Amino acid sequence: MSSQVINIGFVMDPIESIKPYKDSTFAMMLEAQRRGWHIHYIKQSDVYVESGVVGCASQTLELHDNNDHWFTSLQSHNQPMGALDCVMMRKDPPFDMEYIYSTYLLELAEHQGCLVLNKPGSVRSANEKFFTTWFPDYSPETLVTRDRGLIKEFQTKHQHIVVKPLDGMGGSMIFQIRQGDQNQNVILEAVTNNGSTTVMAQRFLPEFKAGDKRILLVDGVPFDYALARIPAEGEARANLAAGATSKGVALTDRDREICAAVAPSLKAMGLTFVGLDVIGDYMTEINVTSPTCIRELDRLYDANIAGLLMDAVEIKLEEKLA
């Protein structure tokens, strides 16, 4: 496959709005260009189905690793998505109904011969927070419910808990509740939308002050280092979007144990590029939509994580042809 020019599409947010110095999708595109592949930029709204065939409007691009001018549009195309060798689904959350409709379209494109990563049906099935419940030995004590009474019982049992919506991102709507917290009722009313929205409660992990680690896996194999996100002073969230700082850390034996436990399921489900969030000895999220932190880890360790991913793409394309 390495001697063949590969046409690779990226379904993503508007490219003019990304921050190229930290954007993982951009790192993937740069690596694909380095290999001489043809890059097709596709917005979520550019994918459609007509008469049973999935098509897309796309633009081929020339990329520049330059924070002031990072792309040049070349040609516009309107083609069956099956004409592309591979499509990377890299649209950021929120994981709303439009996102789900996109997975329907991409799943049909997959049926029509296009390699789609991550596998659309599995992205739809693997809610990034709920998916951790498949691995209870490697996750903190967890409750998923919309019943506020059950959450109160869970809080009484564990004294200090974290409550968050299943569709949140960037630290949005994450609350800590301690024993005796007079705001408990109003927090639960807000986060559950008065008992109409299912949420996740987890035992609070004090180790979060040392960093919420992002571990990247390519086809089940973890990169040897994680990006630890350190909460800002006085902040209860270790999200970069909430002002956290970051540093690189080597994976621990427990980190590798967690990766080994989840890897067979990830591979079986076609979840090729995944980001695990680990606090202390426990996994708190399994990110499958558009995991980030490639560029930060590449800079820290003079690495090429996107190169590992594109190697995996080549192998999967060769397997398709075999």
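Structure shown above.
A. Here's a closer look at the environment of Lys43. Looking at where Lys43 falls in the secondary structure, it is placed in strand 2 (residues 38–43). Using a relative accessible area of 29% as the deciding quantity, one classes Lys43 as partly exposed. Along the chain, Lys43 and Lys91 lie 48 residues apart, while their C-alpha atoms are 8.3 Å from each other. In this view, Lys43 contacts Val11 and Met12; residues no more than four positions away in its chain are not counted.

B. Summary view of the nonpolar core. Met81, Leu271, Leu276, Met283 and Ile286 are the most contacted members of the largest nonpolar core, which totals 39 residues. The set of elements that each furnish at least two residues to this core consists of strand 4 (53–63), strand 6 (86–89), helix 2 (97–111), strand 12 (212–218), strand 14 (225–230), helix 6 (253–268), strand 16 (273–279) and strand 17 (282–287). When sequence neighbours within four positions are dropped, the list of residues in contact with Met81 reads Ile42, Val47, Val54, Gly55, Cys56, Val87, Leu106, Ala109 and Cys114.

C. Region of the structure containing helix 6. Given a rise of 1.5 Å per residue, 16 residues ought to cover 22 Å, and the 24 Å separating the end C-alpha atoms of helix 6 matches this to within 8%. Of all the bends in helix 6, the greatest reaches close to 35 degrees and is centred on Val262; the proline Pro264 follows between one and four positions later. Contacts from the buried residues of helix 6 go to strand 12, strand 13 (221–222), strand 15 (245–250), strand 16 and strand 17. Downstream of helix 6 by a residue or two, Gly270 has a phi angle that is positive, lying close to 70 degrees.

The rules behind these values
Residues numbered from 1 in each chain as written. Predicted model: local features only at pLDDT ≥ 70, side-chain atom pairs only at ≥ 80, totals over all residues. Heavy atoms only, no water. Helix = DSSP H or I, 4+ residues; strand = E, 2+ residues; numbered from the N terminus. Buried < 20%, exposed > 50% of the residue type's maximum accessible area, 1.4 Å probe, protein only. Contact = heavy atoms within 4.5 Å. Core = buried A, V, L, I, M, F, W, Y, C linked by side-chain atoms within 4.5 Å. Expected span 1.5 Å × (residues − 1). Bend = angle between axes of the 7 residues up to and from the residue.

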